[in-house]
Structures are given as C-alpha cells and as structure tokens.
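Given next are the chains, with one letter for each unit.
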Amino acid sequence: MIDVGSPDVPPEIESVVMSEQAISERVRELAAQVDADYAGREILLVGVLKGAVMFMADLARALRTPVSMEFMAVSSYGSSTSSSGVVRILKDLDREIADKHVLVVEDIIDSGLTLSWLLRNMRSRGPASVEVVALMRKPDAAKIEVPVKYVGFDIANEFVVGYGLDYAERYRDLPFVGLLRPEVYTV
Ligand code: PRP
C-alpha cells in the first residue's frame, strides 16, 4: 500500500481514496457478482472512453463469463468539471448490439447525466438487456436517478483522479484513485 509522501504519489495528490489493492479486490468481487448473474450467457462490455479503460481491462480479465468488448466515446457539452446532459458521440460502437446482453462499463457516475443519455441510446438499439457496472458513484452529485446494477464504491463529492480518471488529461495512469489538491484545479 502506497501512502501520500511516497515517490509513487505525485505531490498534487492530497490523499489516496482507493488503493490499488482495494480497487483490485472490489473488481474481483464485482466480477464474481456479474459471473453469477450472467451464467450461461455472453456479455458485450461497452466501455465509455476514456475513463473506463483501466476498469474495463481489469474487469474483463476478472470475469469468467465470455465477453466481447466495444467502446464508445462521448463528450458532454459544459465545463470541464461538470456535465450538462447534452451529449455528443465522438466514437460510436463498431457493431450492432441487437439481441446482445450489454453491460455498460463506467469509471464514475457524477451527475448521472451522461449515463442517463447513454442508457437511452443503448436501449434504442434493441439489445437483449442493458445493465451498468460503475467503479465509482458520487451519490451527493446526482442530478438524475439512473439504475445502476453494480457499483464498486460510493464516494464523496470530491475531485478524484487516477485509475482512468483525469484532470486536464493527466493522472489517468495512476494505479490508485486519489484526491486532487484543490489548488491544482482552482488556479
Ligand atoms: C466522465 C466519466 C463519465 C462522466 C460522468 O467522463 O467517465 O462518463 O464523466 O459524469 P456525469 O455523471 O456528470 O455525466 P468525461 O466526460 O470526463 O470523459 P473521460 O472519461 O474521457 O475523462
């Protein structure tokens, strides 16, 4: 377990919110739940770029259920730190998802607006089922109720980075999730 102050933690990180080990244990637990629920079926994982990349890669490898993988990239109009719910598709799925069991893989649900739009979009394509697995959720930031079957961690409404999550495209490569010092994004 690495601590703030270790050379592996950038000085802009105020505290470690979820260690690499805690994430890995939770990913294994989520995978076991998904495996139990989807026994005998195949899953189409739909990862939402870019934040979900690390979670998708680890979850896919932890699952025993056969999966295929698709990615979608969307951009929410609004400021860099809050979404508006008006979503633009930057990269669409490469294949049709009709009759597939779709599991949308998200790194974080903040306001819920992106996911709400995405679920409507997925359902309009005629899949056999659509569920969501999100590594993190911020209950205090919710602006809309979204049904999420699998949640890794409920976290406080604070600016976290790492394990796929960025600030200005940095910190996605950190193996843990940490709290960014406010002075980094308020200056
Ligand atoms: C993040 C995250 C979700 C969305 C959640 O993506 O990956 O898709 O924001 O916010 P919401 O619940 O308020 O809609 P972002 O737009 O930052 O893109 P990125 O994954 O490429 O960093």
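With that settled, the discussion passes to the sheet that holds strand β1 (residues 13-18). With respect to topology, 3 strands assemble into an open sheet ordered β1-β9-β8, the strand pairing being antiparallel. Strand pairing shows two members of the sheet lacking a second neighbour, β1 and β8 (160-161), which therefore form its edges. Here β1 pairs with strand β9 (residues 177-180) via 4 bridges, running antiparallel. Counted as the bridge partner of Ser-15 is Leu-179 from β9.

Of note, the amide linkage connecting Leu-49 to Lys-50 takes the cis form, showing an omega dihedral of -5°. Tracing the chain through its elements places Lys-50 in the loop between β2 (43-49) and α2 (53-62). Located in the positive-phi region is Asp-99, a residue other than glycine, with phi close to 70°. With a phi close to 50°, Ala-168 is a non-glycine residue in the positive phi region. Residue classification places Ala-168 among the exposed residues on the basis of a relative accessible area of 60%.

A separate point is the site of the ligand. Surrounding the ligand, one finds 15 residues, the nearest of these being Glu-106, Asp-107, Ser-111, Gly-112 and Thr-114. Taking Gly-112, its main chain carries an N or O atom lying 2.7 Å from an oxygen atom of the ligand. Interatomic distance of 3.1 Å between a side-chain N/O atom of Asp-166 and an oxygen atom of the ligand. Taken by itself the ligand offers 510 Å² of open surface, and the protein chains cover 79% of this. Elements represented by at least two residues in the shell around the ligand include exactly β5 (101-109) and α3 (113-123). The element contributing the most residues to the shell around the ligand is β5, with 4 residues. In terms of residue class, the shell around the ligand is built from 4 nonpolar, 5 polar and 6 charged.

For the rest of this paragraph, the subject is the side chain of Asp-107. Along the polypeptide, Asp-107 turns up in strand β5. No salt bridge is formed by the buried Asp-107; the nearest opposite charge belongs to Arg-172, separated by 5.8 Å. Excluding residues that lie within four positions of it along the chain, Asp-107 makes contacts with Gly-51, Ala-52, Ala-134, Leu-135, Met-136 and Leu-165.

Once that is clear, we can look at the packing of helix α1 (residues 20-37) against α2. Two elements in contact, α1 and α2, have axes whose closest approach is 9 Å; the angle formed by their N-to-C orientations is 55°. Considering their axes alone, α1 and α2 lie oblique with respect to each other. Read as a crossing pair, α1 and α2 show a hand that is right-handed. Residues Val-27, Leu-30, Ala-31 and Asp-35 of α1 form the contact with α2, whose own contacting residues are Phe-55, Asp-58, Leu-59 and Ala-62. Looking at the contact of α1 with α2 residue by residue, the classes come out as 6 nonpolar, no polar and 2 charged.

A few words on the pairing of β9. Of the strand pairs in this sheet, β8 and β9 are connected by 2 bridges, and their pairing is antiparallel. Residue pairing for β9: Val-160 is matched across the bridge by Leu-179.

Calculation rules
- Residues numbered from 1 in each chain as written.
- Predicted model: local features only at pLDDT ≥ 70, side-chain atom pairs only at ≥ 80, totals over all residues.
- Heavy atoms only, no water.
- Pairing = 2+ DSSP bridges.
- Helix = DSSP H or I, 4+ residues; strand = E, 2+ residues; numbered from the N terminus.
- Buried < 20%, exposed > 50% of the residue type's maximum accessible area, 1.4 Å probe, protein only.
- Near = heavy atom within 4 Å.
- Polar contact = N/O pair within 3.5 Å; in protein donor to acceptor, adjacent residues only side chain to side chain.
- Areas by Shrake-Rupley, 256 points an atom, 1.4 Å probe, with all protein chains shown as cover.
- Nonpolar A, V, L, I, M, F, W, Y, C, P; charged D, E, K, R; others polar.
- Lys, Arg positive; Asp, Glu negative; His and termini not counted.
- Salt bridge = Lys/Arg side-chain N within 4 Å of Asp/Glu carboxyl O.
- Contact = heavy atoms within 4.5 Å.
- Axes fitted to C-alpha atoms, helices over the stretch in contact; angles between N-to-C directions.
- Parallel < 35°, antiparallel > 145°, perpendicular 65-115°, else oblique.
- Left-handed = near helix turned anticlockwise from the far one by under 90°.

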